[in-house]
Amino acid sequence: MNTKIMKWGNSLALRIPKSFAQAINLEEGNDVRIKIEKDNLIVKKAKNKKYDLKSLLAGINKNNLHGETDTGNSVGKEVW
């Protein structure tokens, strides 16, 4: 299938046919990865890393744990 490259501000934009987007579950707002490979532009749906609190907390250790940060004196009606 052929499609057109269009101007979008100072960049160029590629229109993806609806049937192609549906085939790979690509939706507006999804991230994609682009690269050049042997004179070809490759566009792939980015795999978003999933995080959960348990695994994030498990990654805390004495080397990456920081102390409190002093942001200065109260300037309003903060209560501590």
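Below, the structure is looked at part by part. Worth saying up front: this structure is predicted, and the values here are computed from it rather than measured.

Reading the values: the criteria
- Residues numbered from 1 in each chain as written.
- Predicted model: local features only at pLDDT ≥ 70, side-chain atom pairs only at ≥ 80, totals over all residues.
- Heavy atoms only, no water.
- Patch = residues over 30% accessible without salt bridge, like charges linked within 9 Å, V, L, I, M, F, W, Y side chains within 5 Å.
- Areas by Shrake-Rupley, 256 points an atom, 1.4 Å probe, with all protein chains shown as cover.
- Salt bridge = Lys/Arg side-chain N within 4 Å of Asp/Glu carboxyl O.
- Helix = DSSP H or I, 4+ residues; strand = E, 2+ residues; numbered from the N terminus.
- Buried < 20%, exposed > 50% of the residue type's maximum accessible area, 1.4 Å probe, protein only.

A cluster of nonpolar side chains, contributed by Met1, Ile5, Leu12, Leu14, Ile16, Phe20, Val32, Ile34, Ile36, Leu41 and Val43, occupies part of the molecular surface with about 1,200 Å² of accessible area. The dominant element in the nonpolar patch, judged by the number of residues it contributes, is strand β3 (residues 32-37), at three residues. Residue position: Phe20 is located in helix α1 (residues 18-23). According to the relative accessible area criterion, Phe20 is partly exposed, its value standing at 45%.

Oppositely charged side chains can form a pair if their charged atoms are brought close together. One pass over the full model with this rule turns up one salt bridge. Here Glu37 ties to Lys35 by a salt bridge, and the two come within 3.2 Å at their closest N and O atoms. Among the residues examined, Lys35 registers a relative accessible area of 40% and is labelled partly exposed.

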